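Residue-level structure breakdown
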Amino acid sequence: MWARSPSAFIFVADHLKPAAKKTGVHIEDGQRLGLRNLRHSLSNWLVNKAKVEPKTVQGILRHAKIQTTLDLYTQGDGDETRAAQGEYLTARGVATPTVQ
């Protein structure tokens, strides 16, 4: 399992969480937020929104294998996933104005 170093813990507590909250990220008490979350978000955004080549993202994250970047750090685009789910619900006749 991934362990945080004391310096990473201090960085997250003193800088990352306050910066996230300042930008409007809602963090529940006890909810984890750390460098790993940041890496996952970065990978996801670079590949899905910024359309950066996955090999470039692999290099940025320093993964030895591209499969680590694609399988563990990058999920399908949220907009595309929601659209596909909405199409399915519409086809089934259960779509609502909030779920499309």
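Residues numbered from 1 in each chain as written. Predicted model: local features only at pLDDT ≥ 70, side-chain atom pairs only at ≥ 80, totals over all residues. Heavy atoms only, no water.

**Some words on unusual backbone geometry**
We apply this condition: Each helix is a run of DSSP H or I of at least 4 residues and each strand a run of E of at least 2, with the numbering of both proceeding from the N terminus. Any residue under 20% of the maximum accessible area for its type is buried, any over 50% is exposed, and the rest in between are partly exposed; the area is computed with a 1.4 Å probe on protein chains only.
Its identity as a non-glycine residue notwithstanding, lysine 51 has a phi of 60 degrees, on the positive side. Among the structural elements, lysine 51 can be located in the loop between helix H2 (35-48) and helix H3 (54-61). Judged by relative accessible area, which is 56%, lysine 51 ranks as exposed.

**Notes on the packing of H2 against H3**
To keep it simple, the criterion reads: Helix axes are fitted only over the stretch in contact, all axes being lines through C-alpha atoms; the angle between N-to-C directions runs from 0 to 180 degrees. Should an angle fall under 35 degrees it is called roughly parallel, over 145 degrees roughly antiparallel, and 65 to 115 degrees roughly perpendicular, with every other angle called oblique. By definition, any crossing whose near helix is turned counterclockwise from its far helix by less than a right angle is left-handed, and any crossing with a clockwise turn is right-handed. Contact criterion: two residues are considered in contact whenever any of their non-hydrogen atoms come within 4.5 Å of each other.
Relative to each other, H2 and H3 sit at 160 degrees, their axes nearing to 10 Å. Classified by the angle their axes make, H2 and H3 are roughly antiparallel. The handedness of the crossing between H2 and H3 is right-handed. Across the interface between the two elements, Arg39, Leu42, Ser43, Leu46 and Val47 from H2 touch Pro54, Val57, Ile60 and Leu61 from H3.

**Section: the confidence of the model for the protein chain**
When pLDDT drops low, the exact placement of atoms in the prediction is not to be read closely. For the record, the criterion: Confidence scores here are pLDDT values: one per residue, from the predictor, ranging 0 to 100.
Summarising the model, the protein chain shows a mean pLDDT of 83, and 88% of its residues fall at 70 or more. Ranking the elements of the protein chain by mean pLDDT puts helix H5 (residues 78-92) last, at 79, and H3 first, at 96.

**A short note on the environment of glycine 76**
Counting through the fold element by element, glycine 76 comes out in the loop between helix H4 (66-73) and H5. Each C-alpha atom, one on glycine 76 and one on valine 47, is 9.3 Å from the other, the two residues being 29 residues apart in sequence. What glycine 76 contacts, discounting residues up to four positions off in sequence, is Asn48 and Thr81.

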